[in-house]
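Spelled out from the first residue to the last, the chains are:
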Amino acid sequence: MNLIIRNVRLIDGTGVDAISSVNVVVENGIISWIGEGNISPLAHPHYDDINGEDLTLMPGTFDCHEHFAGDGGQNGVLAMNDDIPEVLMVKAAANARRALMTGQTSARDVGSPYGMSITLARQVATGSIPGPRITAAGQWIQAPTTWPYSMVYTIETPEQMRQVVSDQIAQGAGLIKVGATGIREDGSDYGTLGPEIASLVVQMAHGAGLKVAAHCTGFVGAREAVEAGIDSIEHATQIDEFTAKLMFERGTVAVPTVSTWDYKLNAATRWNLPKEEIDLAEARRDSSKASFRRMLDAGVKIAAGTDAGGSPVRHGTIVHEMEVMIECGLTTMQAIESATRIAAEITGTIDHTGTVEIGKVADLILVDGDPLSDIGAIRNVWAVFQGGRRIR
């Protein structure tokens, strides 16, 4: 866990300009020095000395919206709802490893059947299973009508919500995930939680040092969630100008998951989707892009998340999410920050990860190429380090 990386281009995740050539030293898994000029050999019997010429060093990426128990694909969500726990855990472990090998060193799992993501996060943390550092919600929580799946825990009263949130905190959840919106048959939307229950969730989670993420695909529920103090709005496909400004004022982060509609539209032909489904996906794309623009104009922080496993999107595809967000209006540097520094802020790990700075854990990737010229270069992973240990 000791290494020197010499002569490397550095994008540190803080948003400052890249440094064309720098040296970085890692000791005992912690970044101990960053600078130019000669470096003396480390006072350690074993260390890796890497010539980073023509490579780019940057923080390991985050995916802020995953469901590791799901494989993605056209019918992946249905399989996640129907599979037995043993199969789901095997899939989750495989997907966690798959994500890590792409250079994704951290993640939020924002809902899993039986709350198994909490167990997965614990096993990854102990080193029993290779994977990103996972901040895990337990089972999804909803008031009726957000999701139609049996794997979701449904409450109808504040007392029931108080009990399930208390149980998840006791189980070791790293955040709380709730559904906050519903859609009527005529296409109109409504809030499902209501101000009392939404505020109760925030009070309990924040009291335990946890953040709250809310599934929001409607205008009304999104506004209610922001007004209640919920920390992140997931999907954020219907955000009006008022709510966008409120998000900025409150410091609410958006996780737009633009990969979801992009994947579906790209797969429409090979899946032989009926026109009605394509029309719905196109409408979601249009609303998502318009909402994205409103949030960007208002100064809302954007964090990268794919909804891998909870949609057709596959795990380990955060770079494509970044590409689509650039198409929606982010600069390339903003897209990188969305998957590094801002992502670390939303997971509550910014003191240790998310940027390449002295004193932080060495969760790093070396990529072949310059991501600021082509964000797709992040796919060209040459090395992955987690806590200074080279795992690829």
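The sections below set out a description of the structure shown in this document.

Rules of the game
Residues numbered from 1 in each chain as written. Predicted model: local features only at pLDDT ≥ 70, side-chain atom pairs only at ≥ 80, totals over all residues. Heavy atoms only, no water. Helix = DSSP H or I, 4+ residues; strand = E, 2+ residues; numbered from the N terminus. Rg over C-alpha atoms; globule rule 2.2 N^0.38 Å. Buried < 20%, exposed > 50% of the residue type's maximum accessible area, 1.4 Å probe, protein only. Contact = heavy atoms within 4.5 Å. Areas by Shrake-Rupley, 256 points an atom, 1.4 Å probe, with all protein chains shown as cover. Lys, Arg positive; Asp, Glu negative; His and termini not counted. Charge placed at Lys NZ, Arg CZ, Asp CG, Glu CD. Phe/Tyr/Trp six-rings, centres within 6.5 Å; stacked < 30°, edge-to-face > 60°. Lys NZ or Arg CZ within 6 Å of the ring centre and 35° of its normal. Axes fitted to C-alpha atoms, helices over the stretch in contact; angles between N-to-C directions. Parallel < 35°, antiparallel > 145°, perpendicular 65-115°, else oblique. Nonpolar A, V, L, I, M, F, W, Y, C, P; charged D, E, K, R; others polar.

### Quick word on the overall build of the chain
Link 1 in the chain: When helices and strands are counted, the chain shows 12 helices and 19 strands.
Link 2 in the chain: What you see for the chain is a C-alpha radius of gyration of 21 Å, in line with the 21 Å of a compact globule of 392 residues.
Link 3 in the chain: Reported as C-alpha extents along the three principal axes, the dimensions of the chain are approximately 65 × 40 × 40 Å.
Link 4 in the chain: For the chain, the proportion of its 392 residues judged to be buried stands at 57%.
Link 5 in the chain: Long-range contacts, defined here as pairs at least 24 residues apart, represent 68% of the contacts in the chain between residues at least 6 apart.
Link 6 in the chain: For the chain, the exposed surface amounts to about 15,800 Å²; the carbon and sulfur share of it is 49%.
Link 7 in the chain: Distance from the positive charge centre (31 side chains) to the negative charge centre (48 side chains) of the chain: 2 Å.

### Some remarks on the packing of aromatic side chains
Link 1 in the chain: Across all of its chains, the model carries one aromatic pair by this definition.
Link 2 in the chain: It is Arg 390 that lies over the ring of Trp 382; its NZ or CZ is 4.8 Å from the centre.

### Describing unusual backbone geometry
Link 1 in the chain: With a phi close to 95 degrees, Thr 145 is a non-glycine residue in the positive phi region.
Link 2 in the chain: Along the chain, the position of Thr 145 falls in the loop between strand E9 (141-142) and strand E10 (153-154).
Link 3 in the chain: A positive phi is found at Thr 257, a non-glycine position, where the angle reads about 45 degrees.
Link 4 in the chain: In this fold, Thr 257 is placed in the loop between strand E16 (253-255) and helix H8 (259-271).

### A word on the packing of H8 against helix H10 (residues 318-328)
Link 1 in the chain: Running from N to C, H8 and H10 cross one another at 100 degrees; their axes reach a closest spacing of 10 Å. It follows from the interaxial angle that H8 and H10 lie roughly perpendicular. Of the residues in H10, those touching H8 at Ser 259, Trp 261 and Asp 262 are His 320, Glu 321, Val 324 and Cys 328.
Link 2 in the chain: Here the residues of the contact of H8 with H10 are counted per class, giving three nonpolar, two polar and two charged.

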